[in-house]
Amino acid sequence: MKIGIYIENPEILRKILEEIIKHELPVKILEKIDRIDKEKVDIVITDVPEKLLRKHVVMVVRSINSVEKIVEKVKLLLKQKLAYNALLIGIDPGKRTGIAIIGDGEFLEGKTMENLEEIKDYVDYALRKYPYVKCLIRVGFKENLTSFIVEKLLDSIEHIWSEVILELVDENKTSRNIRIPLKVNRKVPKDVASAIQIALKKGLRVGLEHAKGEHSIK
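Since we're looking at a predicted model, the values are computed, not measured.

Visitor: Would you explain helix H4 (residues 117-129) in this entry?
Guide: Turn by turn, an α-helix covers 3.6 residues, leaving residues three or four places apart pointing in a common direction. The set of residues buried in H4 consists of Ile 119, Tyr 122, Val 123, Asp 124, Ala 126, Leu 127 and Lys 129. Taken together, the buried residues of H4 touch helix H3 (67-78), strand E5 (84-92), strand E6 (97-103), strand E7 (106-113), strand E8 (132-140) and helix H5 (145-157).

Visitor: I'm lost on the packing of aromatic side chains in this one. Help?
Guide: In this description, an aromatic ring pair is defined by two values, namely the gap between the centres and the angle between the planes. Enumeration according to the criterion identifies 2 aromatic pairs in this entry. Measuring from ring centre to ring centre gives 5.6 Å for Tyr 122 and Tyr 125, while their planes differ by 20°; the resulting arrangement is stacked. Here Tyr 122 and its partner Tyr 125 are both found in helix H4, 3 residues apart, which amounts to about one turn of the helix. A relative accessible area of 22% means that Tyr 125 is categorised as partly exposed. When the ring centre of Tyr 122 is taken as origin, the NZ or CZ atom of Lys 111, which lies over that ring, is 5.2 Å away.

Visitor: What am I meant to see in H3 here?
Guide: For H3, which comprises 12 residues, the first-to-last C-alpha distance of 17 Å matches the rise-based estimate of 16 Å (1.5 Å per residue) to within 8%. Within H3 the residues assigned to the buried category are Val 67, Ile 70, Val 71, Glu 72, Val 74, Lys 75, Leu 76 and Leu 77. Downstream of H3 by a residue or two, Gln 80 has a phi angle that is positive, lying close to 60°.

Visitor: Would you mind showing me how to read the sheet that holds strand E10 (residues 204-205) here?
Guide: With mixed pairing, 6 strands are arranged side by side in an open sheet as E7-E6-E5-E8-E9-E10. Edge positions in the open sheet fall to E7 and E10, since each of these has one partner strand only. Sheet topology places E5 next to E8; 7 bridges connect them, and they run parallel. Residue Leu 88 lies in a different strand from E8, and its bridge partner there is Leu 136. Lying on the sheet, H4 is in contact with E5, E6, E7 and E8; it crosses E7 at an angle near 160°.

Visitor: What should I look at first to understand the nonpolar core in this one?
Guide: A general tendency of soluble globular proteins is for nonpolar side chains to be buried together. Core analysis: the largest hydrophobic core is formed by 31 residues, its most contacted members being Ile 89, Ile 91, Leu 127, Ile 137 and Leu 166. If you look at the next biggest cluster of nonpolar residues, it comprises 17 residues, including Ile 5, Leu 25, Ile 45 and Val 67.

Visitor: Looking at this structure, I do not really get the sheet that holds strand E1 (residues 3-6). What am I missing?
Guide: The pairing of strands in a sheet happens through backbone hydrogen bonds and is either parallel or antiparallel. Judged by pairing direction, the sheet is parallel, and its 4 strands sit side by side in the order E2-E1-E3-E4 without closing on themselves. Looking at the sheet topology across the chains shown, the edges are occupied by strand E2 (27-29) and strand E4 (57-60). Strand-to-strand twist of the sheet, defined as the mean angle between neighbouring strand axes without regard to direction, takes the value 30°. Looking at chain direction, E1 and E2 are connected through 3 bridges and run parallel. The residue bridging Gly 4 from the neighbouring strand is Lys 28, located in E2. Against the sheet, H3 makes contact with E1, E2, strand E3 (43-46) and E4, and its axis sits at roughly 145° relative to E4, the strand it touches most.

Visitor: Hey, could you run me through unusual backbone geometry in this one?
Guide: For residues that are not glycine, phi is negative in most cases, and the peptide bond is trans in most cases. Even without being a glycine, Glu 24 presents a positive backbone phi close to 55°. Turning to its location among the elements, Glu 24 is positioned in the loop between helix H1 (10-23) and E2. The backbone of Gln 80 sits at a positive phi, close to 60°, despite the residue not being glycine. Its place among the elements puts Gln 80 in the loop between H3 and E5.

Visitor: Honestly, the environment of Lys 15 in this entry has me stumped. Any pointers?
Guide: For Lys 15, the location among the structural elements is in helix H1. A sequence separation of 48 residues divides Lys 15 from Ser 63, and the C-alpha atoms of the two residues are 9.9 Å apart. The contacts of Lys 15, once residues within four sequence positions are left out, are Ile 64, Val 67 and Glu 68.

Cut-offs applied
- Residues numbered from 1 in each chain as written.
- Predicted model: local features only at pLDDT ≥ 70, side-chain atom pairs only at ≥ 80, totals over all residues.
- Heavy atoms only, no water.
- Buried < 20%, exposed > 50% of the residue type's maximum accessible area, 1.4 Å probe, protein only.
- Helix = DSSP H or I, 4+ residues; strand = E, 2+ residues; numbered from the N terminus.
- Contact = heavy atoms within 4.5 Å.
- Phe/Tyr/Trp six-rings, centres within 6.5 Å; stacked < 30°, edge-to-face > 60°.
- Lys NZ or Arg CZ within 6 Å of the ring centre and 35° of its normal.
- Expected span 1.5 Å × (residues − 1).
- Pairing = 2+ DSSP bridges.
- Axes fitted to C-alpha atoms, helices over the stretch in contact; angles between N-to-C directions.
- Core = buried A, V, L, I, M, F, W, Y, C linked by side-chain atoms within 4.5 Å.

This is how it looks when you write it as structure tokens:
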């Protein structure tokens, strides 16, 4: 599959070029519209779809904020996918909470944060950025911290409950002698490594009743 880019907005073009270089994507930059047919691209990423012929398959990017999501769609298309079958989000609560995001066994990204309020925003961001069929959010169990995180997440995902599963994971041995059971192409902080382990470990599912105040785990 051959993918081309024709962007007229300089800010969007700069941002999308940064992402392409960052992810080393084999995408053709089209300086003029007439290059689309000459380069024989299958899909065109553009901010001016109205200028392209109807025969062209396009991915429309209207703002800088949508660039990351478009790039993720491109990465999936190059793997002949439309979405990740299983998106895993692991959360390792602590003084520095680690979060890891995994798609179909591939580590996508992760970060650490000290402010628990930021966790929900980061999870929301991940759910918007990465196309998925099913998502499992797994939170390591630490009393008090876990309860706060779960409550925040439940408020955020209740409207997509059929697509997202929330689980609590026993954290025993996840932070000692850490071994990441999948390939990670870059060094990650210890807390993110622990979050990867949590993401890959089956936990106890939090029932929807929890969101309604009954706090049940099943």
